[in-house]
Amino acid sequence: MAKAIVVYGSTTGNTEFLAEVIVSGLKEGGLEVVTKNVSETKVSEVANYDVVVLGCSTWGEGELQDDFIDFYEKMKDLSLAGKKAAVFGPGDKESYPDTFCKAVDLLKEKLKKCGAEIVAESFKIDGEVEKAIEDANAWALRIAKSI
Ligand SMILES: Cc1cc2nc3c(=O)[nH]c(=O)nc-3n(C[C@H](O)[C@H](O)[C@H](O)COP(=O)(O)O)c2cc1C
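Criteria and cut-off values
- Residues numbered from 1 in each chain as written.
- Predicted model: local features only at pLDDT ≥ 70, side-chain atom pairs only at ≥ 80, totals over all residues.
- Near = placed C-beta within 6 Å.
- Helix = DSSP H or I, 4+ residues; strand = E, 2+ residues; numbered from the N terminus.
- Nonpolar A, V, L, I, M, F, W, Y, C, P; charged D, E, K, R; others polar.
- Buried ≥ 20, exposed ≤ 12 C-beta atoms within 10 Å, placed from the backbone.
- Pairing = 2+ DSSP bridges.
- Contact = placed C-beta atoms within 7 Å.

Asks: Even after reading the chapter, I still don't get the site of the ligand, so can you show me in this structure?
Replies: Taken together, 21 residues surround the ligand, and among them S10, T12, T15, S57 and G91 come closest. Broken down by secondary-structure element, the contributors of at least two residues to the shell around the ligand are α1 (14-28), β4 (58-59) and β6 (84-91). Grouping the amino acids of the shell around the ligand by side-chain chemistry returns five nonpolar, 13 polar and three charged.

Structure below.
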C-alpha cells in the first residue's frame, strides 16, 4: 500500500479542516496516510513517503502561512525524486485578488525543484472551507487514483 503524508500549516484552522477532509479522501482511495502540522514536522521526514501533500494558507500579501516559512526554506536541501506530490490551500480572492493562494503556487514550484512529480492540479479554495468538503474529497480521490 502506498504511503502518503499530508503536512499542513494553519493559523485559524481552515487549512487544518481541509487537511482532515483530504486525509479521509486519500484513505478512501486506498492510501495509508499520516497527517502532521508543519510546525511539528522535519523536512527530512517527508522523504519517507511515496506521496507528499502540502496544505498551506496565504497570509500577508502572498506569503506562506507563518509555520511554513522555516520548512519551505529547509526544502532547498530536500530530494523528492521519484515521489508524487500535490498542494492545496485556502485563500480569499475578493480581498486578495493579486495574491490569491500564492502560497500554494510557491510550494508547488518548490516541490518541483525538489524533483517531485506533481500529480494533481493545485487545489485552491476561495472563502469558506466548509463549502469545499465535496471538492476536497474528490481532489483527494483523484490523487489516490493516480498513484
Ligand atoms: C491579514 C491577512 C492576509 C491575507 N492574505 C491573503 C493573501 O495574500 N492571499 C489569499 O489568497 N488569502 C489571504 N488571506 C486569507 C487567508 O488565507 C484565509 O483566511 C485562509 O482561510 C486562512 O487559513 P488558515 O486558517 O488555515 O491559516 C489573508 C487573510 C488575512 C487575515
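The rest of the description comes next.
Asks: Would you mind showing me how to read the environment of D77 here?
Replies: Among the structural elements, D77 can be located in the loop between α2 (68-74) and β6. In this structure D77 comes out as exposed when scored by C-beta crowding, with 9 C-beta atoms within 10 Å. In this structure, the C-alpha to C-alpha distance between D77 and F123, residues 46 residues apart in sequence, is 25 Å.

Asks: Can you help me understand unusual backbone geometry in this one?
Replies: Working note: non-glycine residues mostly have negative phi, and peptide bonds are mostly trans. Residues other than glycine seldom take positive phi values, yet C101 does so here, at roughly 50°. By secondary structure assignment, the location of C101 is in the loop between β6 and α3 (102-113).

Asks: What is the right way to read the pairing of β6 from this model?
Replies: Across the eight residues that make up β6, a large majority, eight, are buried. What you see with β6 is no split at all: K84, A86, F88 and P90 on one side and A85, V87, G89 and G91 on the other are buried throughout. With five bridges connecting them, strand β3 (residues 51-56) and β6 associate as parallel partners. Looking across to β6, one finds that V51 is bridged to K84. Relative to strand β7 (residues 117-118), β6 is paired through two bridges, and the arrangement is parallel. By the bridge assignment, K84 is partnered in β7 with E117.

Asks: Is there a simple way to think about the environment of V129 in this case?
Replies: By the secondary structure assignment, V129 is in the loop between β8 (123-126) and α4 (133-146). Residue classification places V129 among the partly exposed positions, given that 18 C-beta atoms sit within 10 Å. Each C-alpha atom of the pair V129 and P90 lies 7.1 Å from the other, and the pair is 39 residues apart in sequence. Residues contacting V129, with those up to four places away along its chain left out, are N14, F17, L18 and P90.

Asks: How should the environment of T41 be read in this particular structure?
Replies: Residue placement: T41 occurs in the loop between β2 (32-37) and β3. Here the alpha-carbon distance between T41 and A140, two residues 99 residues apart in the chain, equals 21 Å. Residues within four places of T41 in sequence aside, it is in contact with V7, K36 and F71.

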